[in-house]
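# Close look at the chain arrangement
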Amino acid sequence: MAWAQQARNDLLRIVRINEEIKAIVGVAFKINIMALNAIFLAKRAGTAARGFGVLSHELRVFSQDLRDSMVGLTRLIHACVSEVSHVLQDIRQTRLLHQAVESSRDRRLVEVLAERESRNAEHAQHLIVLRKQLKRALDDAFQLVELGGMLAKSAKIEAAYGQSFAASLAQVSGEFDGVVEEIRTSLEALRRSAFFTGR
Amino acid sequence: MKTTKTIFQDGNHKWVAIVRDPDRPDFLIDTNEYLVTHGSQGLLLDPGGAEIFPAVFSALSSEFDPLALIGVFASHQDPDTCSSLALWLEFNPKMRCYVSWMWAGFIPHFGGSAETFVSIPDEGADIPLDGLTLRAVPAHYLHSSGNFHLYDKAARMLFSGDVGAALLPAGESGLFVEDFDAHIRHAEGFHRRWMGSNEAKRAWCERVSKLEIDMLCPQHGAIYQGADVQRFINWFDELQVGLCGG
Ligand SMILES: [Fe+2]
Ligand SMILES: [Fe+2]
């Protein structure tokens, strides 16, 4: 029974994680456009924004890394959903086989149940591995986003040297920083999801 | 656990009805499963839903070696007929599922692999059972659009799926129809609403009238025997079906 409750909770939690990642993927797409915008702006500002220009290229690389990382996370989440679904199905089949073993005199059913249970254990084990992989991928994504946050903050500082472009550079880097911060907060919450702690 | 009742026997040629589960929760429709055995093999007709697998399995295994089942016959695709398939296959992966070609791609959602399914063409087919030949008789649109009954000529038995089904009130649990007029009241609403085509019904009545049938065995309710078989066919022939109150 506890097993079934755990699987139902897991499914709810992984679905919530998936929704959150979908939102981040949308934002990551926006970041890419913002980075392109920053590069364009730095070009127009010329020598006055050389430092900003270098950073905006870094931000573009970051936005691509972020998207790759989201693709990886999405793939892992789908694998988790599929494995949790298997576990839920296992639970039903096992319950029915258990009932059959209890009410039947056919002892061969005990072997069938044992086989079923070893397959359940495989599914459970696979889910443990996936859970760890997803946690690691989320941690990696978080580190990446922290790096992005540092880039955005540096860009904010560099923007001050942009002379007549300072205001627009500050705006772009400020927006960038805001969005990265948003993602950072989301990922931080996801890393603490009960899907990983089991509580 | 369900009870088993042998309703036909000639040596090792048997029809066993697996019926009336006292532990079945009320929200599940009650079903009858039938086991046909001949020689060393058995075929299970409409094995039932997943939730009643334990009850059917234990009743069946008290009577017959479930490893000797060559397969199941699914009259149609409803969950009450065969959603237990995955569990039967866990026990015996070699089992086959005989079913209308129409559902051969749908029922695998209940379980089974490409090898599991034996498609029955619209005109019906013979199903061999250790020297005995059973016949899948077309009953399309009654109620499913791809629907078969199973006729055993040697035993003069017809498994009629949802045709002849009655939703019996609590307390009326006799295995055989005792009082046709009283019984048929519990079948009328079901047939009017579930059966979709008057033409198909007419054709079926004509088809089965030509068969020699001692017992007409539905998937729900009680079994018609003797004169009640023809009485049922005549009643059904006259009933207007495909009617919805709404
Ligand atoms: Fe049905
Ligand atoms: Fe039915």
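One structure accompanies this document, and this report is about it. Quantities reported herein were computed from a predicted structural model and do not represent experimental measurements.

## What about the interface of chain B and chain A?
The interface is formed by 16 residues belonging to chain B together with 16 residues belonging to chain A. Along the contact surface separating chain B from chain A lie 5 salt bridges. On the surface where chain B and chain A come into contact, there are 7 residue pairs in polar contact (both at pLDDT 80 or more). Counting residues per element, the ones that place at least two in the side of chain B that touches chain A are α1 (53-61) and α3 (85-91) of chain B. Grouping the amino acids of the side of chain B that touches chain A by side-chain chemistry returns 10 nonpolar, 3 polar and 3 charged.

## Brief notes about the coordination of the iron ion (ligand 1)
All names here are of chain B. Within the protein, the atoms that donate to the iron ion (ligand 1) are His-76 (NE2), Asp-78 (OD), His-143 (NE2) and Asp-162 (OD), at distances of 2.0 to 2.2 Å. Every donor residue of the iron ion (ligand 1) comes from the same chain, spaced as H-x1-D-x64-H-x18-D. The iron ion (ligand 2) is placed at 3.4 Å from the iron ion (ligand 1), the two being bridged by Asp-162. The residues His-76 and Asp-78 share a single accessibility class, namely buried.

## Here we look at the pairing of strand β10 (residues 148-152) of chain B
All names here are of chain B. The buried fraction of β10 amounts to 5 of the 5 residues, a majority that puts the element mostly inside the structure. In β10, alternate side chains face the same way, and those of Phe-148, Leu-150 and Asp-152 on one face and His-149 and Tyr-151 on the other are all buried. With 4 bridges connecting them, strand β9 (residues 132-138) and β10 associate as antiparallel partners. In the sheet register, Val-137 faces β10, and the bridge partner there is His-149. Counted along the chain from β10 to the antiparallel partner strand β11 (residues 157-159), the turn is 4 residues long, and its residue Arg-156 has a positive phi close to 55°.

## Quick look at the sheet that holds strand β8 (residues 125-129) of chain B
Residues and elements named next belong to chain B. Judged by pairing direction, the sheet is mixed, and its 6 strands sit side by side in the order β8-β9-β10-β11-β12-β13 without closing on themselves. Every other strand in the sheet has two partners, leaving β8 and β13 (224-225) as the edge strands with one partner each. Both β10 and β11 contribute to a ladder of 3 bridges, which runs antiparallel. Residue pairing in the sheet places Asp-152 in a bridge with Met-157 of β11. Packing of helix α5 (residues 198-209) onto the sheet brings it into contact with β9, β10, β11 and β12 (215-217), and relative to β9 it is tilted by some 155°.

## Quick look at the pattern of salt bridges
Applying the stated criterion across every chain yields a total of 26 salt bridges over all chains. Its salt-bridge partner being B:Arg20, residue B:Asp30 comes within 3.6 Å of it at the nearest N-O pair. Taken together, the positions of B:Asp30 in the loop between β2 (13-19) and β3 (33-38) and B:Arg20 in the loop between β2 and β3 put the pair 10 residues apart, joining distant regions of the chain. Both residues of the pair, B:Asp30 and B:Arg20, belong to the buried class. Salt-bridge contacts for B:Asp228 lead to B:Arg231; the nearest nitrogen and oxygen are separated by 2.6 Å. Linking B:Asp228 with B:Arg231, this pair stays in helix α6 (residues 227-238), spanning 3 residues, or about one helical turn. Under the relative-accessibility criterion, B:Asp228 is labelled buried at 7%. Connected through salt bridges with shared partners, the residues A:Asp90, A:Arg116, A:Arg119 and B:Glu90 form a single ionic network.

About the cut-offs
- Residues numbered from 1 in each chain as written.
- Chains lettered and ligands numbered in written order.
- Predicted model: local features only at pLDDT ≥ 70, side-chain atom pairs only at ≥ 80, totals over all residues.
- Heavy atoms only, no water.
- Contact = heavy atoms within 4.5 Å.
- Salt bridge = Lys/Arg side-chain N within 4 Å of Asp/Glu carboxyl O.
- Polar contact = N/O pair within 3.5 Å; in protein donor to acceptor, adjacent residues only side chain to side chain.
- Helix = DSSP H or I, 4+ residues; strand = E, 2+ residues; numbered from the N terminus.
- Nonpolar A, V, L, I, M, F, W, Y, C, P; charged D, E, K, R; others polar.
- Donors = N, O, S within 2.8 Å, 3.2 Å for Na, K, Ca; no water.
- Buried < 20%, exposed > 50% of the residue type's maximum accessible area, 1.4 Å probe, protein only.
- Pairing = 2+ DSSP bridges.
- Axes fitted to C-alpha atoms, helices over the stretch in contact; angles between N-to-C directions.

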